[in-house]
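Summary of structural features
Spelled out, the chains give:
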Amino acid sequence: MTTHRLSASQHIARPVEEVFSFFAEPRNLARLTPSSMDFAFLSDDFVMREGLTIEYRLRPLFGVPAKWRTLIAEYDAPHRFADVQLAGPYRRWEHRHTFTPVPGGTLVEDDVEYELPFGPLGALGHRWLVRGELERIFRYRARAIESIFADAAHIASPHTVAVAGGTGFVGGAIARELFKRGHRVIVLSQRGETARGSLPDAIGIRSADVTVGSGLAAALAGVDTLVISLAFR
C-alpha cells in the first residue's frame, strides 16, 4: 500500500502560546474547513489531551457524507500534537502539528501521512482527485488562518461599523477589510457566534435577522455605520 505525504508551513505573527491555544481547541477545526464540506461535530468532549477521541461528519468528495473518528495520539503543549484517524475514509491518516517560536512569531508546520483503500483504484483516485482536493483544503486553511490572525491598523477615530451579511463571501471580505483598516467591526448574523468562520476573533458578532428586523434594534446599539451585503429574493 502506497504511503502519501502532504506538508505545509505558515508563519503567524503571534506568540507560540497563543497560536498553539487556537489550534489545540478542537472546535476551531470547523473554522478551518471549507463550508462546502458541511462539517459537523458528533461528539461533545473538547478538552484537548492525549487520548481524546473526536467524532465528526463531513462531505469530503462529491457531497457524500462520511464519518470520521480521530484520536489525539500525542499532545505536548505548546510544541506539538498529533491526530490519527481511527475510522474514516482513509486506510491510514496521521497528522502531526508542530509549533516553533521564531523571530516575529510562530512557525506552524503540518505533516500528513496517509494511505487510501481500494489498491490500484485508490491510487488512480489519488492521482486524479484526492491529492488535488487535499491541496485545495490546505490552501483554504492557510487563507483562513491568515484572516483569523490578521492585525488591525491603529487609527485616530475608528468607527463602529455593523456589517449585515458579514459571514458571506462578499460581506466577510468587507468586514475583514474594515477591521484591517482599524475600525471596530460588528457582524450581524442569524446564527450568531456559530457563523464566525474565518473572521478574526476581534470582530464582534451579534444575533439579528435583518430580513425581518428581529433583534435588529439591540444589535445596532452603539453602531455608527451599517453596511448591508445581503441578497434579497
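Located above this text is the structure these notes cover.
Model, not experiment: these values are computed from the prediction. (Residues numbered from 1 in each chain as written. Predicted model: local features only at pLDDT ≥ 70, side-chain atom pairs only at ≥ 80, totals over all residues. Heavy atoms only, no water.)

Brief notes about the pattern of salt bridges
- Summed over all chains, the structure comprises 19 salt bridges.
- The salt bridge partner of D111 is R5, with a shortest N-O separation of 2.5 Å. Taken together, the residues D111 in strand β7 (residues 105-115) and R5 in strand β1 (residues 4-12) connect sequence positions 106 residues apart.
- According to the relative accessible area criterion, D111 is buried, its value standing at 14%.
- Overlapping salt bridges, with partners in common, bring together R91, R92, E94, R96, E113 and E115 in one network. (Salt bridge = Lys/Arg side-chain N within 4 Å of Asp/Glu carboxyl O. Helix = DSSP H or I, 4+ residues; strand = E, 2+ residues; numbered from the N terminus. Buried < 20%, exposed > 50% of the residue type's maximum accessible area, 1.4 Å probe, protein only.)

Here we look at helix α1 (residues 16-23)
- When we look at burial in α1, the residues that qualify are V16, V19, F20, F22 and F23. An end-on view of α1 places all buried positions within 160° of arc, on one side of the element. (Arc of directions from axis to C-beta.)

Here we look at the packing of aromatic side chains
- If you walk through the whole model with that rule in mind, you get 17 aromatic pairs.
- Aromatic pair F20 and F99: ring centres 5.1 Å apart, planes at 80°, arrangement edge-to-face. Here F20 is found in helix α1, whereas its partner F99 is found in strand β6 (residues 92-102), with 79 residues between them in sequence.
- The class for F20 is buried, based on a relative accessible area of 4%.
- Here W68 and W93 contribute two aromatic rings whose centre-to-centre distance is 5.4 Å and whose plane-to-plane angle is 85°, an arrangement assigned as edge-to-face. One end of the pair, W68, is in strand β4 (residues 64-76); the other, W93, is in strand β6, and 25 residues separate them in sequence.
- Note on W68: relative accessible area 8%, which makes it buried.
- On the accessibility criterion, W93 (8% relative accessible area) is buried.
- Joined through ring pairs, the aromatic side chains of F39, F41, F46, Y56, W68, Y90, W93 and Y114 make up one cluster. (Phe/Tyr/Trp six-rings, centres within 6.5 Å; stacked < 30°, edge-to-face > 60°.)

Description of the sheet that holds strand β10 (residues 204-207)
- Reading across from one edge, β10-β9-β8-β11 is the order of the four strands in this open sheet, with parallel pairing throughout. Unpaired on one side and paired on the other, β10 and β11 (225-228) mark the two borders of the sheet. Between one strand axis and the next, the sheet turns through 25° on average, direction left out of account. (Pairing = 2+ DSSP bridges. Axes fitted to C-alpha atoms, helices over the stretch in contact; angles between N-to-C directions.)

Digging into the nonpolar core
- Counting 34 residues, the largest nonpolar core has F23, Y90, F99 and Y114 as its most contacted members.
- Those elements giving two or more residues to this core turn out to be β1, α1, β3 (53-61), β4, β6, β7 and α2 (119-148).
- It is α2 that provides the largest number of residues to this core, a total of seven residues.
- Sequence-distant contacts of F23, that is, excluding residues within four places in its chain, are made with I12, L32, F81, F99, V108, R141, I145 and F149.
- If you look at the next biggest cluster of nonpolar residues, it comprises ten residues, including V163, A175, L178 and V185. (Core = buried A, V, L, I, M, F, W, Y, C linked by side-chain atoms within 4.5 Å. Contact = heavy atoms within 4.5 Å.)

Section: helix α3 (residues 169-180)
- Helix length check: α3, at twelve residues, gives a terminal C-alpha distance of 17 Å against a target of 16 Å (1.5 Å per residue), a fit within 8%.
- Along α3, the residues that are buried comprise G171, G172, A175, L178 and F179. Here the buried residues of α3 occupy an arc of 130° about the axis, which is enough to place them on one side. Opposite the packed face of α3, turned more than 90 degrees from it, sit the exposed residues F169 and V170. (Expected span 1.5 Å × (residues − 1).)

Regarding unusual backbone geometry
- Each neighbour pair has its own omega, and for A77 with P78 the value is -5°, a cis peptide bond.
- Unusually for a residue other than glycine, D38 sits at a positive phi of about 50°.
- Assignment of secondary structure puts D38 in the loop between α1 and β2 (40-41).
- By relative accessible area, D38 is classed as partly exposed at 32%.

With respect to the pairing of β6
- With five bridges joining them, strand β5 (residues 80-87) and β6 adopt antiparallel strand pairing. What sits directly across from F81, in β6, is H97.
- Where β5 folds back on β6, the antiparallel hairpin that results is connected by four residues.
- Sheet topology note: the β6/β7 ladder contains eleven bridges and is antiparallel. Each residue of the ladder has a partner; that of E94, found in β7, is E113.

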